[in-house]
Amino acid sequence: MAHSYKIVGVIALAASAACTTDPTAPDLKSATNASAGVPAASTNNVVVTESDISRQAEDTPPLRNWVFYSRPPSSTGFFVSGPGNPPMGVGSFEMTTVLTTDKGTLFNYDHVGTRLADIGAISYATYRDPASTADPVQLPSINIEIDKNGGAFLPGDYATLVFEPIYNVPASAIHSGEWQTWNGIPGIWWTTRAINGPGGTTCAPVTCYISWADIVANNPDATILGGFGINQGSGSTGLIAATDALSISANGDTWTYNFEPFRTPTSKDECKNGGWQDVKAADGSSFKNQGQCIKYVNHET
Ligand SMILES: [Ca+2]
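Residues numbered from 1 in each chain as written. Predicted model: local features only at pLDDT ≥ 70, side-chain atom pairs only at ≥ 80, totals over all residues.

**Remarks on the nonpolar core**
Okay, step 1: If you look at the biggest cluster of nonpolar residues, it comprises 49 residues, and the most contacted ones within it are I146 and A241.
Okay, step 2: With seven residues, the top contributor of residues to this core is strand β16 (residues 239-250).
Okay, step 3: Those residues in contact with I146, other than ones at most four positions away along the chain, are L116, A159, L161, A222, T223, I224 and L225.
Okay, step 4: Counting residues in hydrophobic clusters, the runner-up holds five residues, among them C271, W276, F287 and Y296. (Core = buried A, V, L, I, M, F, W, Y, C linked by C-beta atoms within 7 Å. Buried ≥ 20, exposed ≤ 12 C-beta atoms within 10 Å, placed from the backbone. Helix = DSSP H or I, 4+ residues; strand = E, 2+ residues; numbered from the N terminus. Contact = placed C-beta atoms within 7 Å.)

**Describing the environment of H111**
Okay, step 1: As for its placement among the helices and strands, H111 is situated in the loop between β6 (103-108) and β7 (119-128).
Okay, step 2: For H111, a count of 20 C-beta atoms within 10 Å translates into the label buried.
Okay, step 3: Note: C-alpha distance between H111 and F228 (117 residues apart in sequence) is 7.5 Å.
Okay, step 4: Excluding anything up to four places from it in sequence, H111 contacts I224, F228, I248 and A250.

**Quick word on the sheet that holds strand β15 (residues 223-233)**
Okay, step 1: Ordered by their spatial adjacency, eight strands build an open sheet running β2-β3-β6-β15-β8-β9-β11-β14, and the pairing between neighbours is mixed. The outermost strands of the open sheet, each flanked by one partner alone, are β2 (54-57) and β14 (210-211).
Okay, step 2: Where strand β3 (residues 66-71) lies against β6, six bridges are found, and the strand directions are antiparallel. Note that in β6 the partner of W66 across the bridge is N108. (Pairing = 2+ DSSP bridges.)

Spelled out as C-alpha cells, the structure:
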C-alpha cells in the first residue's frame, strides 16, 4: 500500500497554479452577499467533464485548474456514465490501474493557498468495480499537496497528505459494487514526507497515521500548495474504481465536484449560439436543434 511520490517540478507547479486564469474555474466570489457587506457562506456544486481537464504526464506543471495526471503504460481515467447510481448526476470519474507501477491522479487547483486550519470538511464517494483484482480494501485516495508551514515555499516544505478509507474503517466496511461516501474530517491520514506530530514528535513518511485535527494543531500554518483531488496507484494493481462528489469546505464555503460524462443544460442560454451541440439530456441523448434543447430546459429545470 506504500505510495511513492516525486517532487520534480513542484516549484513550477505551485507558481503556475497560483496565477492560472482558467475560465472554467468556479467563481470564488459569486456567492458573496454584497448588500450586507459580508461574505455569505456559499455552496457551489460544480460539474466537471472532459472539457474541463487537461491530460498530462505526472510531475508536469498543471496547464488548467483540473488535470488528470497519468503514469504509463496502463493507467487510465475517464468520465463515464454510472457505474450504478452515482451520488451526483448520472456519472463519475473512473480510474483503472493495471500494473503495480500504474498511477492516476485527478487534481484540482482552485484551492491553492487555503490554510488547512480553515478547512472544515472534506469528503468523496467511491465505487469499487467488482471486476477489480486488487486487494478488496483498495480504493482511490484523497491527496492534498501542502506547504507544511505556509508562507514562502522553501526546500523541505512540501508533503502530500493522503486519506484512505482502510485506515479509517474496518476492512469489512469496504464493499465492491456500491457507492460509499467517506469523510476525511474527522479522519486519519498519512503523509508522504515528515510533518509535525503531537507533543513535539515527528510524523514520519508513509508509516505515521495522524488525525486531521493533529495535523492542523501541529502544523497550524500549513496551506494547500498544489493539487487537491483523487489518486489511485502505486500499489493498486488491478483496481477499477470510480469517484464522484469530491467536496471541500473552507471558511464556511463548500465546493462539491460532480464528475460527469457530459453536461445537461440548466438554462436556455446554454442552448443558444450553437450551445445545444455541447450538452445532452440526462439520459445521454443529443439534441437535434436549439429548440429541442430549450424545450428540455423548460421541462426539466
Ligand atoms: Ca456525478
